[in-house]
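Chain and residue survey
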Amino acid sequence: MPRVVSSPSAALLDELVGRGLVVLVPQARREVVARFVGRVVAEVLEHPTLSDEERAAAVVEALVGLAGVDDVFGEDAEILALARRHLGH
C-alpha cells in the first residue's frame, strides 16, 4: 500500500530517507520527526544572512541534531535542494 504524504515536511523526510540521505532511529515516529524537520529546516531556509553554502551546512547540522534522526549522509547541496523543493523556498 502506498504511503500517504500528509505534508511537505513528511514528503521531504520520505525522500531523504528513501534516497539513503537520512537514517531514522528504528523506533522513531515518522510523523513526529517530519514535524521537527519542517520547523527546523524552514527556519534555516528563511535565515536572511546565510549564503547557500552556509544554509546547506546548517540544514544538515539541523537534521543531525534532531531526535529521531540517527545519521545523515550525502552532499549538503543535494539535501538543501531537496529541502527547497519540498518546503517551497
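Use the structure listed above.
Residues numbered from 1 in each chain as written. Predicted model: local features only at pLDDT ≥ 70, side-chain atom pairs only at ≥ 80, totals over all residues. Heavy atoms only, no water.

A word on the overall build of the chain
- Across its full length, the chain carries four helices and two strands.
- Each helix and strand of the chain, ordered N terminal to C terminal, gives the series α-β-α-α-β-α.
- For the C-alpha atoms alone, the extent of the chain along its principal axes is close to 40 × 25 × 20 Å.
- As displayed, the chain offers around 5300 Å² of accessible surface, 55% of which is attributable to carbon and sulfur atoms.
- Measuring between centres, the 9 positive side-chain charges of the chain sit 10 Å from its 14 negative side-chain charges. (Helix = DSSP H or I, 4+ residues; strand = E, 2+ residues; numbered from the N terminus. Areas by Shrake-Rupley, 256 points an atom, 1.4 Å probe, with all protein chains shown as cover. Lys, Arg positive; Asp, Glu negative; His and termini not counted. Charge placed at Lys NZ, Arg CZ, Asp CG, Glu CD.)

Quick notes on helix α3 (residues 52-64)
- With 13 residues, α3 should cover 18 Å at 1.5 Å per step; its first-to-last C-alpha distance of 18 Å lies within 8% of that length.
- Within the sequence span of α3, burial applies to Arg55, Ala56, Val59, Val60, Ala62 and Leu63. Buried residues of α3, seen end-on, are gathered within an arc of 160 degrees and therefore sit on one face of the element. Residues of α3 that are exposed and angled more than 90 degrees away from the buried face: Glu53 and Glu61. (Expected span 1.5 Å × (residues − 1). Buried < 20%, exposed > 50% of the residue type's maximum accessible area, 1.4 Å probe, protein only. Arc of directions from axis to C-beta.)

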